[in-house]
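Per-entry structural report
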Amino acid sequence: MTRLRRTRTPDGRRLEVSHVVDAPPAEAWDLLVDTARWPEWSPLVTGVEATERRLRLDTSGRVRIPGAWVPFRITAYVPAERRWSWRVLKLPGADHRVDDLGANRCRIAFELPPTATGYAPVCLRALERLEELLEERVAESNEE
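Anyway, here's the lowdown on the structure attached to this text. (Residues numbered from 1 in each chain as written. Predicted model: local features only at pLDDT ≥ 70, side-chain atom pairs only at ≥ 80, totals over all residues. Heavy atoms only, no water.)

**Looking at the layout of surface pockets**
If a probe as big as a water molecule is rolled over the atoms, it shows which places are left empty. Definition in use: For cavity detection a 1 Å grid was placed over the protein atoms alone, and a set of points counts as a cavity when a 1.4 Å probe fits there but cannot get out; an open set counts as a pocket when protein lies on both sides within 12 Å along at least five of seven lines, with lining residues being those that have an atom within 4 Å of a point. Grid points are joined across faces, edges and corners, and a volume is the space filled by probe spheres set on the points. Helical segments are the DSSP runs of H or I of at least four residues, strand segments are the runs of E of at least two, and each set is numbered from the N terminus.
Of the pockets and cavities examined, the largest pocket occupies roughly 510 Å³. Lining the largest pocket we find 26 residues, and of these Trp86, Val88, Gly93, Ala94 and Tyr119 sit closest to its centre. Listed by contribution, the elements that provide at least two residues to the lining of the largest pocket are helix 2 (38-41), strand 4 (60-65), strand 6 (83-88), strand 7 (91-92), strand 9 (105-112) and helix 3 (120-143).

Right under this line is the structure:
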């Protein structure tokens, strides 16, 4: 189930773009916090240089998007809630979240600030790619 909705988050009013996937939440979280994997699921990110491969608070670096390298910094990182936020070009970016729905299901959500709602179609494509990657991982683990 994919949905777009207005919501209130710890960072204020946001547009939430989310999708429910049949995969363990830990697997989805792993994809979101591994900077080396971002180009696999982000429609815009084609490269990453970061101070750490796996996110933590204050991880910084730059991402390559069409035509430029842009700086980023992780401004919130709460592994217990499977949530992280960042600033890109010193502007608030999408917050990222994974909700445990039980029975090896989870919801992956991007929370967009009001100034970035035009980014929703990119988030929808990212969610499709994340689901594809997670389905491949689940299939591989079932084969073992």
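Additional details are given in the paragraphs that follow.
**As for the pattern of salt bridges**
For clarity, the threshold we go by: Definition used for salt bridges: Asp or Glu carboxyl oxygen within 4 Å of a side-chain nitrogen of Lys or Arg. Summary of the burial criterion: residues with accessible area below 20% of their type's maximum are buried, those above 50% are exposed, and those between are partly exposed, where the area comes from a 1.4 Å probe applied to protein chains only.
This structure, assessed with the given rule, holds 20 salt bridges. Close ionic contact of Asp22 with Arg105 constitutes a salt bridge, the shortest N to O distance being 3.3 Å. With Asp22 in the loop between strand 2 (12-21) and helix 1 (25-33) and Arg105 in strand 9, this pair connects stretches of sequence that are 83 residues apart. Judged by relative accessible area, which is 57%, Asp22 ranks as exposed. The partly exposed category is assigned to Arg105, whose relative accessible area is 34%. With a shortest N-O distance of 2.7 Å, Glu111 and Arg83 are connected by a salt bridge.

**As for helix 1**
For the record, the criterion: The criterion used for residue contact is that any of the two residues' heavy atoms lie within 4.5 Å.
Within helix 1, seven of the nine residues are buried, which leaves it mostly tucked inside the rest of the structure. Of the positions making up helix 1, those classed as buried are Pro25, Ala28, Trp29, Asp30, Leu31, Leu32 and Val33. Among the structural elements, helix 2, strand 5 (68-78), strand 6, strand 8 (95-102), strand 9 and helix 3 are those in contact with the buried residues of helix 1.

**Some thoughts on the nonpolar core**
Basically, it comes down to this: Here the nonpolar core consists of buried residues drawn from Ala, Val, Leu, Ile, Met, Phe, Trp, Tyr and Cys, with membership extended through side-chain atoms lying within 4.5 Å.
In terms of nonpolar packing, the biggest core is built from 33 residues, with Trp38, Trp84, Ile108 and Phe110 touching the most fellow members. Looking at this core, the elements with two or more residues in it are strand 2, helix 1, helix 2, strand 5, strand 6, strand 9 and helix 3. Of the residues forming this core, the biggest block, seven residues, is contributed by helix 3. Trp38 has contacts with Leu31, Leu32, Val45, Val48, Leu55, Val63, Phe72, Trp84 and Trp86, leaving out every residue within four places of it along the chain.

**Quick word on a negative patch on the surface**
Rules: What goes into a patch is any residue over 30% in relative accessible area without a salt bridge, connected to like charges within 9 Å or, for nonpolar side chains (Val, Leu, Ile, Met, Phe, Trp, Tyr), within 5 Å. Surface exposure here means Shrake-Rupley accessible area, sampled with a 1.4 Å probe, where a residue is shielded only by the protein chains that are shown. In this tally, Asp and Glu contribute negative charge and Lys and Arg positive charge; neither His nor the terminal groups of the chain are included. To locate a charge, the coordinates of NZ of Lys, CZ of Arg, CG of Asp or CD of Glu are taken.
Residues Glu135, Glu136, Glu140 and Glu143 make up a contiguous surface patch of negative charge. Using a relative accessible area of 70% as the deciding quantity, one classes Glu143 as exposed.

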